[in-house]
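Chain residues, written in single-letter form:
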Amino acid sequence: MTTAKDNASANISKTNSKVEVTAEILIDEQDCSHEEPCDSLKALLARHMRYELCRDDHDKHELFNALAQSVKEQMLDDWRQTRLKDNQYQQKQVAYLSLEFLMGRALGNALLSLDITEDAQQVLTEYATNLEHIEQVEHDAGLGNGGLGRLAACFLDSCASLDLPVTGYGIRYQYGMFVQKIIDGYQVERPDRWLRNGNPWEVRISNHIVSVPFYGHTETHSFKQGHRHHVLVNTQKVLAIPYDMPIPGYKNNRINTLRLWKAEANDDFDLAEFNEGDYAEAVATKNLAEQITMVLYPNDASVNGKELRLKQQYFLSSASLQDLLIRYVNKFGEDFSHFSELNVMQLNDTHPSIAVPELMRLLLDQYGLSWDAAWAITNQSMAYTNHTLLPEALERWSVPMMKNMLPRIVEIIFEINARYLELVAHHWPGDIQKLTEMSIIEEGGEQQVRMAYLAIVASFSVNGVAGLHTQLLKEGLFNNFYQLWPNKFNNKTNGVTPRRWLAFCNPKLSSLICSRLGNDWIKDLSRLKGLNDCISDKAFVKEWALVKFENKQSLTQFVRQQCGVEFDPKMMFDVQVKRIHEYKRQLMNILHVIHLYRRILNGDTQDMVPRCVLIGGKAAPGYAMAKQIIKLANNVAHMVNSDPLVTPYLRMAFIPNYNVSAMEEICPGTDLSEQISTAGKEASGTGNMKFMMNGALTIGTLDGANIEMLEEVGHENFFLFGLNASQVTQARMDYQPQHIIDHSPAFQGVMNMLESGHFNLVEPGIFDSIIASIIDPNDQWMTAADFDSYCQAQALVAKTYLDQDSWQEMSIKNTAASGRFSSDNTIAGYRDEIWMKK
Ligand SMILES: *Cc1c(COP(=O)(O)O)cnc(C)c1O
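The protein is annotated in an unreviewed UniProt entry as Alpha-1,4 glucan phosphorylase from Shewanella frigidimarina. The heading Cofactor (unreviewed entry) in the UniProt record of the protein holds the text "pyridoxal 5'-phosphate". In UniProt, the protein has this text filed under Sequence similarities (unreviewed entry): "Belongs to the glycogen phosphorylase family."

Draft legend 1. Structural context of the overall build of the protein. The secondary structure content of the protein amounts to 36 helices and 26 strands. Over its C-alpha atoms the protein spans a radius of gyration of 28 Å, differing by no more than 12% from the 28 Å that the globule rule assigns to 838 residues. Taken along the three principal axes of its C-alpha coordinates, the protein extends 90 × 80 × 60 Å. When burial is assessed residue by residue, the protein has 60% of its 838 residues classed as buried. Of the contacts formed within the protein by residues at least 6 apart in sequence, a portion of 77% connects residues at least 24 apart. About 32800 Å² of surface is accessible on the protein, with carbon and sulfur atoms providing 49% of the total. For the protein, the distance from the average site of its 77 positive side-chain charges to the average site of its 103 negative ones is 1 Å.

Draft legend 2. Fine view of the site of the ligand. Every residue lining the ligand is accounted for by Gly146, Gly147, Trp501, Lys578, Lys584, Tyr658, Asn659, Val660, Gly685, Thr686, Gly687 and Lys690. Lys584 has a polar side-chain atom sitting 2.7 Å from an oxygen atom of the ligand. Here an oxygen atom of the ligand and a side-chain polar atom of Lys690 are 2.6 Å apart. Coverage of the ligand by the protein chains reaches 96% of its 390 Å² of free accessible surface. Its residues assigned to classes, the shell around the ligand shows three nonpolar, six polar and three charged.

Draft legend 3. Highlighting the pattern of salt bridges. One pass over the full model with this rule turns up 41 salt bridges. Here Arg408 ties to Asp365 by a salt bridge, and the two come within 2.6 Å at their closest N and O atoms. Of this pair, Arg408 sits in helix H17 (residues 407–427) while Asp365 sits in helix H14 (residues 355–366), and the two are 43 residues apart along the sequence. Residue Arg408 shares its accessibility class with Asp365, and that shared class is buried. As a salt-bridge pair, Glu711 and Arg820 come within 3.3 Å of each other at their nearest N and O atoms. Placement of Glu711 in helix H29 (residues 706–713) and of Arg820 in the loop between helix H35 (804–816) and helix H36 (823–835) is noted, with a sequence separation of 109 residues between them. Several salt bridges converge on common partners, so that one network encompasses Glu708, Glu711, Glu712 and Arg820.

Draft legend 4. Layout of the sheet that holds strand S18 (residues 448–450). Spatially, S16-S18-S17 is the arrangement adopted by the three strands of the open sheet, whose pairing is antiparallel. The strands lining the two open edges of the sheet, one partner per strand, are strand S16 (396–398) and strand S17 (441–442). With three bridges joining them, S16 and S18 adopt antiparallel strand pairing. Bridge assignment links Trp397 to a residue of S18, and that residue is Val449.

Draft legend 5. Quick look at the packing of helix H25 (residues 586–601) against helix H32 (residues 745–755). Remark: H25 packs on H32, axes separated minimally by 9 Å, with the N-to-C direction vectors making an angle of 95°. Classified by the angle between their axes, H25 and H32 sit roughly perpendicular to one another. When H25 is examined against H32, the residues Leu591, Ile594, His595, Tyr597, Arg598 and Leu601 are found in contact with a partner set consisting of Ala746, Phe747, Gly749, Val750, Met753 and Leu754. When grouped by side-chain class, the residues that make up the contact of H25 with H32 number nine nonpolar, two polar and one charged.

Draft legend 6. Seen up close, helix H34 (residues 783–802). Taking 1.5 Å of rise per residue, 20 residues should cover 28 Å, and H34 covers 28 Å from first to last C-alpha, within 8% of that figure. Along its length, H34 shows its largest kink, about 25°, at Ser789. For H34, the set of buried residues is Thr783, Ala784, Asp786, Phe787, Tyr790, Cys791, Ala793, Gln794, Val797, Ala798, Thr800 and Tyr801.

Draft legend 7. Highlighting the UniProt feature "modified residue: N6-(pyridoxal phosphate)lysine" (unreviewed entry) in the protein. On the UniProt side, "modified residue: N6-(pyridoxal phosphate)lysine" (unreviewed entry) is annotated at positions that read Lys690 here. Here Lys690 lies in helix H28 (residues 687–693). When neighbours within four sequence positions are excluded, Lys690 is seen to be in contact with Arg150, Val496, Trp501, Met663 and Cys667.

Draft legend 8. Geometry of the sheet that holds strand S22 (residues 611–616). What the six strands build is an open sheet, ordered S23-S22-S21-S24-S25-S26; its pairing is parallel. Where the open sheet ends on each side, the last strands, each with one partner, are strand S23 (650–655) and strand S26 (719–720). Sheet contacts for helix H24 (residues 538–563): strand S21 (572–577), S22 and S23; angle to S23, the most-contacted strand, approximately 65°.

Draft legend 9. Structural context of unusual backbone geometry. Phi is positive for Tyr89, which is not a glycine, with a value near 55°. Secondary-structure assignment places Tyr89 in the loop between helix H4 (60–86) and strand S2 (93–97). We classify Tyr89 as buried; its relative accessible area is 6%.

Draft legend 10. Local environment of the side chain of Lys681. Considering the arrangement of structural elements, one finds Lys681 in the loop between strand S24 (672–675) and H28. Buried and unpaired, Lys681 has no salt bridge, with Glu392 as the nearest side chain of opposite charge at 7.2 Å. For Lys681, the residues in contact, after removing those within four places along its chain, are Leu390, Tyr583, Asp703, Arg732, Gln780 and Trp781.

Draft legend 11. Fine view of the nonpolar core. Counting 137 residues, the largest nonpolar core has Phe214, Tyr420, Phe481 and Trp835 as the members making the most contacts within it. Here Phe214 is in contact with Thr235, Gln236, Val238, Ile292, Lys311, Tyr314, Phe315, Met405 and Leu406, once residues within four sequence places are set aside. Ranked by size, the runner-up nonpolar core spans 64 residues in total, among them Leu650, Phe654, Ile699 and Ala725.

Draft legend 12. Local environment of the environment of Ser744. Tracing the chain through its elements places Ser744 in the loop between helix H31 (737–742) and H32. Judged by relative accessible area, Ser744 falls into the buried class, the value being 4%. Sequence separation between Ser744 and Trp807 is 63 residues, and the spatial gap between their C-alpha atoms is 30 Å. A polar side-chain atom of Ser744 sits 3.0 Å from a polar atom in the side chain of Asp788.

Draft legend 13. Highlighting the environment of Trp521. Considering the arrangement of structural elements, one finds Trp521 in the loop between helix H23 (507–517) and H24. In contact with Trp521, not counting residues within four places along its chain, are Leu502, Ala503, Ser510, Ile513, Cys514, Arg527 and Leu528.

Draft legend 14. Geometry of the pairing of S22. Along S22, six of the six residues are buried, which leaves the element largely enclosed by surrounding structure. Burial along S22 is two-sided: Arg611, Val613 and Ile615 and Cys612, Leu614 and Gly616, pointing in opposite directions, are all buried. Summarising the sheet, S21 and S22 pair through six bridges and their orientation is parallel. Across the sheet, Phe573 pairs through a bridge with Cys612, a residue of S22. Crossover handedness for the path S21 to H25 to S22: right-handed. In this sheet, S23 lies alongside S22 in parallel orientation, the contact comprising six bridges. Note on S23: the bridge partner recorded for Leu614 is Ala653.

Draft legend 15. Looking closely at the pairing of strand S9 (residues 210–214). When you tally the buried positions in S9, you get four out of five residues, the bulk of the element. The pairing of S9 with strand S12 (residues 236–248) spans five bridges and is antiparallel. Residue Pro213 lies in a different strand from S12, and its bridge partner there is Lys237.

Cut-off values and rules
Residues numbered from 1 in each chain as written. Predicted model: local features only at pLDDT ≥ 70, side-chain atom pairs only at ≥ 80, totals over all residues. Heavy atoms only, no water. UniProt positions renumbered as here; feature names shortened; annotations may be inferred. Helix = DSSP H or I, 4+ residues; strand = E, 2+ residues; numbered from the N terminus. Rg over C-alpha atoms; globule rule 2.2 N^0.38 Å. Buried < 20%, exposed > 50% of the residue type's maximum accessible area, 1.4 Å probe, protein only. Contact = heavy atoms within 4.5 Å. Areas by Shrake-Rupley, 256 points an atom, 1.4 Å probe, with all protein chains shown as cover. Lys, Arg positive; Asp, Glu negative; His and termini not counted. Charge placed at Lys NZ, Arg CZ, Asp CG, Glu CD. Near = heavy atom within 4 Å. Polar contact = N/O pair within 3.5 Å; in protein donor to acceptor, adjacent residues only side chain to side chain. Nonpolar A, V, L, I, M, F, W, Y, C, P; charged D, E, K, R; others polar. Salt bridge = Lys/Arg side-chain N within 4 Å of Asp/Glu carboxyl O. Pairing = 2+ DSSP bridges. Axes fitted to C-alpha atoms, helices over the stretch in contact; angles between N-to-C directions. Parallel < 35°, antiparallel > 145°, perpendicular 65-115°, else oblique. Expected span 1.5 Å × (residues − 1). Bend = angle between axes of the 7 residues up to and from the residue. Core = buried A, V, L, I, M, F, W, Y, C linked by side-chain atoms within 4.5 Å. Right-handed = clockwise from strand over helix to strand, strands pointing away.

Listed below in structure tokens is the structure:
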């Protein structure tokens, strides 16, 4: 028994408690058989505790690390089997390219997928602790900003669970999404050194390192057949080191891979300097290369035009494509005629769209293909997902900047553009304006590359992320392209994984559901429809309400810990957590809180339903207005919570550092989910789906996936308000917010109170720009236009909540109707209509 274990451990190097894989690791079958998972987990854990700590005293951090290592080791065999199988190319391989993967914690999800949660719980009792306690130790992998990055994470889970050969490619940022502190009501950003205590899940793959070239210039050689060959010379090469993370499928033995690239300097740095004796200087410059993967840019729904950001994009794209090509060539040699049958790259927004010219460059310059052959392959293997209509989020890169950093890439982009514009000219003969409008290169001032256009031109599929969003893409932003290539466009409404967002994060609701429906819903969420049959069962409804109440008790504790505010689980929990952005209209929510606060102060509390309002989210550090909204939320919360006449009816908290782990606590304990963006601005939303799955009711506009949620659950179970997208467009033509305010006593009261400085007595003037934005006829987000309608919907919410029987029934119906929003469903769509489409 001991010898087998020792053999296994001998293969694992102890450096940094990471597994360095140069050869395949095999854990002895007997040790890790699926028949005795508890024994082997126990044995693995014991070995880690004994031999890696070299001590008998251990704390929860060491215990977490040892447990995570043990769980990873339990996956190694299946991980290897998955890799070997996929390397056979029996089916098309998918590369999901994304600058962001907002993974959160991995332990609980891995235990669930491997079906060893109970074993882990049992094993931990021997160390006088419990799983919940140890799970808390894990640092979130916060390698993303918000919805887009979390979508990538949900997709990886669904791909593995649907047994699809999909690899996620991303960047191993040393610093993830910043940690948000709230000091005196203001957001303060702190660095997120998530790797400080090591990452037990990752495996550095030393034999898959590739090299990414920057700068230099192109040399052209003519070949005898007349076609020319280009070589990049004098480049600065940066090593891309892959760190693999296991992505376990749900109880199906597939372990997919998330491959995250780290930048390191190569060793042939400046020899001239070296020879002059500046050895230390030369070594120090190596840091420049490593900066590429140092930090995630914290911008959500807006671009950052920094040179380093473009470097990150190219670094990810080039490393990932080289990896794919090497893998393909290992199997098929340099015959690329089957490449696009066997590979597809899904671009998560335009962030990795520089992969388009990079694939061309590799095929042309490295593998010697002709332009037409290379273009056919590129065009048949690239698919692009658009995530937003907001103009501030559409990426453009300066041509001069790109020319310097990526000279060959710019040549290729211009060639792609020239050939594509011929097609445009042919489609719209004599229409010069079309050429200017549709060119990949934006003229006028400094030339810019329009990355979305590049992605559309080169992709065989372009998808939006909800029905309305796709429709608006086709009618508006990309209408020209839609006319040229109607068949490229398709919709794939976002989804969220039911494993993390119901089975794992809400164990109480999960087991109640299992008690009636069995557990098939975890793999097939449409089965939640069966809950509708339970509504007539009084005992079930009572249990449903009790589970929500208990989850509210846990959330109450969480809010107390995180904000020092005392919630009361007997009150309604009204929650808006998401990135802070004007289009998401946290401001409107705060105005409604002020409205309720005034009512209470005025003694107008008849039929008022006591509520606890929770708001949370990070603002991009450079987004001044978003940061002021955070300050306003905190100041209003302070006034509300410090008046004992108010707190029986109303309490408010701003929860700092909203992230995946926080959402796992928040969504199970929410009664009312706020999804109140200006119609036409939220591409899909996914927070809305997590809340719905967990039995929250939604107050929302006809925006993004709200529309489809409403469609599933029915009007009578959804609190709809506000203008729809076309009404927003209409209303903008003659928008007079001051006029609207003047005709609404309630709204006037709220504005007067804000303007009086009631919430900023010691900091006069700090909310002036917020006030100005509300009454600005050019306010893009049209807060004033929807405010009264919002308040009416909120009054209906309160009225409905008073009748707890019908509220609970609506809650059950919401969960029952949430099956469509499983990311399994979304991924099945990507699989059938994009990736594997014949
Ligand atoms: C789901 C999620 C989001 C997306 O929320 P939206 O309400 O769709 O904007 C953002 N951040 C985190 C941490 C999430 O879990």
